[in-house]
Amino acid sequence: MYTFDPLVPRPIDRPTEVPLGGLTAEQHAALDEAKIFVGPADPADRPAWRETLDRWREDARVRHGYVGSAYARPQAAWAARCHTVAQVWLWDELLYSFEEHRFTPERFLADARERFGGLDAVVLWHAYPVIGIDDRNQWDYYRDVPGIVELVRDLHEAGLHVFVDYNPWDTGTRRGNDDVTELADVVSWLGADGVFLDTLKKAEPELVARLEEARPGIVLEGESKLPVERIEDHSSSWAQFFADSPVPGVLRAHWYERRHMQHHVRRWHRDHSEELQSAWLNGVGVMVWEVVFGVWVGWTARDAATVARMVAVQRAAGDVLLEGEWTPLAELTPAAEAARVYASRWELGGLTLWTLVNRGTEDWTGQVVAPGAGGRFVALTDGGADTTEVTVPGRGVAALLHLAEGTPEPEWLAPLLTELARRPHDPDARFPHRLAHRLPPATPTPTPADAATPTPGTTPTPADSGLPHDSRVLRDSGVPHGAEPDAVVVPAGEHVLTVRHRARETGMYQGAPYVDEWKPLPPRLHDARTLQRETALPVPVAVAVSEVTNAQFAEFLAATGYRPAYAHRFLAHWVDGRPAPGTEDEPVTHVDLDDARAYCAWRGGRLPTEDEWQLAGETGELHRGTPAVWNWTESEHSDGRTRFVMLKGGSDYRAEGSDWYVEGGVHAPDHSLKLLLPGLGLARAATVGFRCAWDEVAR
């Protein structure tokens, strides 16, 4: 009986054995379903193995009527050479500056050039994991982003292609047109080059046709294994959770059609060497994904340097990899074979390229092929020396080039050697820990009493926030400051809290929640979890019984003239700058953290932390407004790449139909939600309000 072990590949992830000799109809069909064809351990079996793969490909192309329509489109030819693609959260702090309220592609791309040798494409990930906090749908999370068209333009000008993300499971938010129409419109409007099919292996023919009409040459990239018959109209696929054999095997989709580009990825792994080696031997690409839905899963210096060396060769020798004769598990010297060094050989027009990998952990240096007669050998990754002796680093890659007698040196060789000299192998395989948290601790330092009232013309800043705040013009209103008379007082001292949450891919306070797991599945994902937190309050804290209402926030605006630093979506539910009739006593929403902080500072207080909110809520004395809304807290954090905040309370709104949504409904005080923070006003939601807190020393 199969027992799921998250740390080992599932049966569906494992490579498929290749029968040697003639194939039955059933065996042909079984190979159709492969992710990777197992590489035979015995070198004597490899010629027959390659012959079997040739026969399967010929038979499969006939059975499926293959003509390669996706690859005849000149606008889509770039996909066959797209070797590195990054999946990036729109609000990754390398791509977006919360201080400047603008996208910073120059900073993101400089980091990618420095560590990975640059990128060929990027997936702009937009809605998940925040979608479901209110009724905004996946299209809103693109269309409502100021400057996103310019961001796509800047990425194009930098030489990258841009994928957008399609979430077919988004059926429970507000409805517009059908998904096909909406996606085609977004693709056309943004000028996107490709669509990443989240949770889908393939798009249906109608979607393929409509997207092609909207954006000729659009590239569709499915998640995981693409059915062999759909290689016809999908020019790319995501090789997620593909386990290789001990002797490296062959990717089925790329063997079927060389122009079909695949991107290897094991999102939760800290060691990417195996999928990098598979990509290198198959002439395909990788997905660079360091921030997985808000969780830092950084790449080691070794693996990043390996990517940089790989793409340098792949870009330079792209014609050889695409058009040359490919011999997987090519014959090497017995010494190389004994050291678990393997290679693919690629031959085109007098050039022969060996892409080499070392499955062992120790560096190996030796002659990988016999010198032979005539021509010139160039050890590409060994400084360009004229030799067949190559160093293949442990868990790393190398490359050897042969120029046949009379073959002119390709124009790309000298620049390639220069680039490779800049990209030496880096043996550092240590996991790069997250950057130090630079935002406030769970319990901020008490605010001095004389700092409770903002000085006219300055910004009220929460105590010890650690965040830069933009200037705002505030006028002293003369309104009395201090805690509300009926506020719930949480006593000073040590407190132990039990926190309940739903296990999501975002994790909670820790690092990667699924370290080195292949694919988190229920009950590892989406199940209810508990954890304990300890907190110490240096002084008693008073937490407002009720949330701030629309009427109270209107009073604040009238008294102070407050204007947010970036106003997009600010009080979007109001009419003509005022609460809609009948909503004055409802909790104010469509405000972000800074808006809430400004109000609380005007009241002489601040936002409560998640711990203070929970301790007050567990007294049973906090009131929930109507409709119920989530509450902002001062528990905002950043690991240098992702900003997030802990929300409390829950809301009446609930997006139904998918576990991928933010959980809705009203929750007990011990429930916390980790919400990734978007910028440019998108954090202002219809279902998030706030209440204030006061340190007792400030009363």
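Criteria and thresholds
Residues numbered from 1 in each chain as written. Predicted model: local features only at pLDDT ≥ 70, side-chain atom pairs only at ≥ 80, totals over all residues. Heavy atoms only, no water. Helix = DSSP H or I, 4+ residues; strand = E, 2+ residues; numbered from the N terminus. Rg over C-alpha atoms; globule rule 2.2 N^0.38 Å. Buried < 20%, exposed > 50% of the residue type's maximum accessible area, 1.4 Å probe, protein only. Areas by Shrake-Rupley, 256 points an atom, 1.4 Å probe, with all protein chains shown as cover. Lys, Arg positive; Asp, Glu negative; His and termini not counted. Charge placed at Lys NZ, Arg CZ, Asp CG, Glu CD. Core = buried A, V, L, I, M, F, W, Y, C linked by side-chain atoms within 4.5 Å. Contact = heavy atoms within 4.5 Å. Phe/Tyr/Trp six-rings, centres within 6.5 Å; stacked < 30°, edge-to-face > 60°. Lys NZ or Arg CZ within 6 Å of the ring centre and 35° of its normal. Pairing = 2+ DSSP bridges. Axes fitted to C-alpha atoms, helices over the stretch in contact; angles between N-to-C directions. Parallel < 35°, antiparallel > 145°, perpendicular 65-115°, else oblique. Nonpolar A, V, L, I, M, F, W, Y, C, P; charged D, E, K, R; others polar. Salt bridge = Lys/Arg side-chain N within 4 Å of Asp/Glu carboxyl O.

Caption draft 1: Geometry of the overall build of the chain. Counting its regular elements, the chain contains 16 helices and 33 strands. The C-alpha atoms of the chain give 29 Å as radius of gyration, which agrees with the globular expectation for 699 residues (27 Å, within 12%). Considered along the principal axes of its C-alpha atoms, the chain spans approximately 95 × 55 × 50 Å. Counting across all 699 residues of the chain, residues that qualify as buried make up 61%. Accessible surface for the chain amounts to roughly 25,800 Å². Of this, 52% is attributable to carbon and sulfur atoms. With 69 positive and 104 negative side-chain charges, the chain shows a spacing of 1 Å between the two charge centroids.

Caption draft 2: Just the nonpolar core, in detail. One finds Trp-91, Leu-124, Ile-133, Val-195, Phe-553, Trp-632 and Phe-690 to be the most contacted residues of the largest nonpolar core, which totals 118 residues. The residues touching Phe-690, leaving out its near neighbours within four places in the chain, are Glu-547, Val-548, Phe-553, Val-588, Val-591, Ala-596, Tyr-599, Cys-600, Leu-607, Asn-631 and Trp-632. Listed in part, the 59 residues of the second largest apolar core include Tyr-71, Val-247, Leu-281 and Ala-317.

Caption draft 3: Summary view of the packing of aromatic side chains. The final tally for this structure, using the stated rule, is 33 aromatic pairs. The interplanar angle of 65° and the centroid separation of 5.5 Å between the aromatic rings of Tyr-96 and Phe-103 together place this pair among those described as edge-to-face. The burial state of Tyr-96 is the same as that of Phe-103; both residues are buried. An angle of 65° between the planes, with centres 5.2 Å apart, marks the rings of Phe-553 and Phe-556 as edge-to-face. In this pair, Phe-553 and Phe-556 both sit in helix α14 (residues 550-560), three residues apart, roughly one turn of the helix. No difference in accessibility class separates Phe-553 from Phe-556, as the two residues are buried. Taken together, Trp-125, Tyr-128, Trp-169, Phe-196, Trp-238, Trp-289, Phe-293, Trp-660 and Tyr-661 form an aromatic cluster joined through their ring pairs. The cationic tip of Arg-270 hangs over the ring face of Phe-431; the distance from NZ or CZ to the ring centre is 3.8 Å. Above the face of the Tyr-509 ring, Arg-533 is positioned so that its terminal group lies 4.5 Å from the ring centre.

Caption draft 4: View of the pairing of strand β12 (residues 285-288). Side chains Gly-285 and Met-287 of β12 all project onto a buried face; the interleaved residues Val-286 and Val-288 project onto the opposite face, where all are buried too. Note: strand β2 (residues 84-89) against β12, three bridges, orientation parallel. The residue of β12 that forms the bridge with Val-85 is Met-287. Pairing of strand β11 (residues 261-265) with β12, which is carried by two bridges, proceeds in the parallel orientation. Each bridged residue has a counterpart across the sheet, and for His-264 the counterpart in β12 is Val-286.

Caption draft 5: Looking closely at the pairing of strand β17 (residues 351-358). Taken across its eight residues, β17 has eight buried, putting it largely inside the fold. Judged by which residues are buried, β17 turns out to be covered on both faces: Leu-351, Leu-353, Thr-355 and Val-357 on one side and Thr-352, Trp-354, Leu-356 and Asn-358 on the other are all buried. Of the strand pairs in this sheet, strand β16 (residues 341-348) and β17 are connected by eight bridges, and their pairing is antiparallel. Each bridged residue has a counterpart across the sheet, and for Leu-348 the counterpart in β17 is Leu-351.

Caption draft 6: Main features of the sheet that holds strand β19 (residues 376-379). If you trace the five strands from one edge of the open sheet to the other, you get β15-β16-β17-β21-β19, paired in antiparallel fashion. The sheet terminates laterally at β15 (325-327) and β19, the two strands that pair on one side only. For this sheet, the mean angle separating the axes of adjacent strands, direction not counted, is 15°. As defined by bridge partners, β17 adjoins strand β21 (residues 397-403) across seven bridges and the pair is classed as antiparallel. Considered in β21, the bridge of Trp-354 is made with Leu-400. On the sheet, helix α9 (residues 273-282) packs against β15, β16, β17 and β21 and is oriented at approximately 165° with respect to β17.

Caption draft 7: Focus on the packing of α14 against helix α15 (residues 593-602). As a packed pair, α14 and α15 sit with axes 11 Å apart at the nearest point and diverge in direction by 75°. Looking at the two axes, α14 sits roughly perpendicular to α15. Contacts between α14 and α15 involve Gln-552, Phe-553, Glu-555, Phe-556, Ala-559 and Thr-560 from the first element and Asp-595, Ala-598, Tyr-599 and Trp-602 from the second. A per-class count over the contact of α14 with α15 returns six nonpolar, two polar and two charged.

Caption draft 8: Region of interest: the sheet that holds strand β6 (residues 161-166). The strand order around the closed barrel built from eight strands is β2-β5-β6-β7-β8-β9-β11-β12, with neighbouring strands paired in parallel fashion. The mean inter-strand angle of the sheet, taken between neighbouring strand axes irrespective of direction, is 25°.

Caption draft 9: The arrangement of the pattern of salt bridges in detail. As enumerated under the stated definition, the model contains 62 salt bridges in all. As a salt-bridge pair, Glu-257 and Arg-259 come within 3.0 Å of each other at their nearest N and O atoms. Exposure remark for Glu-257: the relative accessible area of 5% places this residue in the buried category. Judged by relative accessible area, which is 34%, Arg-259 ranks as partly exposed. In this structure, Glu-612 engages Arg-606 in a salt bridge whose closest nitrogen and oxygen atoms are separated by 2.9 Å.

Caption draft 10: Structural view of the packing of α9 against helix α10 (residues 301-316). It is at 10 Å that the axes of α9 and α10 come closest, and there the two elements cross at 5°. By the criterion of interaxial angle, the relationship of α9 to α10 is roughly parallel. Contact residues: Ser-273, Leu-276, Ala-279 and Trp-280 in α9; Arg-302, Asp-303, Thr-306, Val-307, Met-310, Val-313 and Gln-314 in α10. The residue inventory of the contact of α9 with α10, partitioned by class, reads six nonpolar, three polar and two charged.

Caption draft 11: The side chain of Ser-97, seen in detail. Relative to the assigned elements, Ser-97 resides in strand β3 (residues 96-97). With residues up to four places along the chain from it excluded, the contact list for Ser-97 reads Arg-102, Thr-104 and Arg-107.

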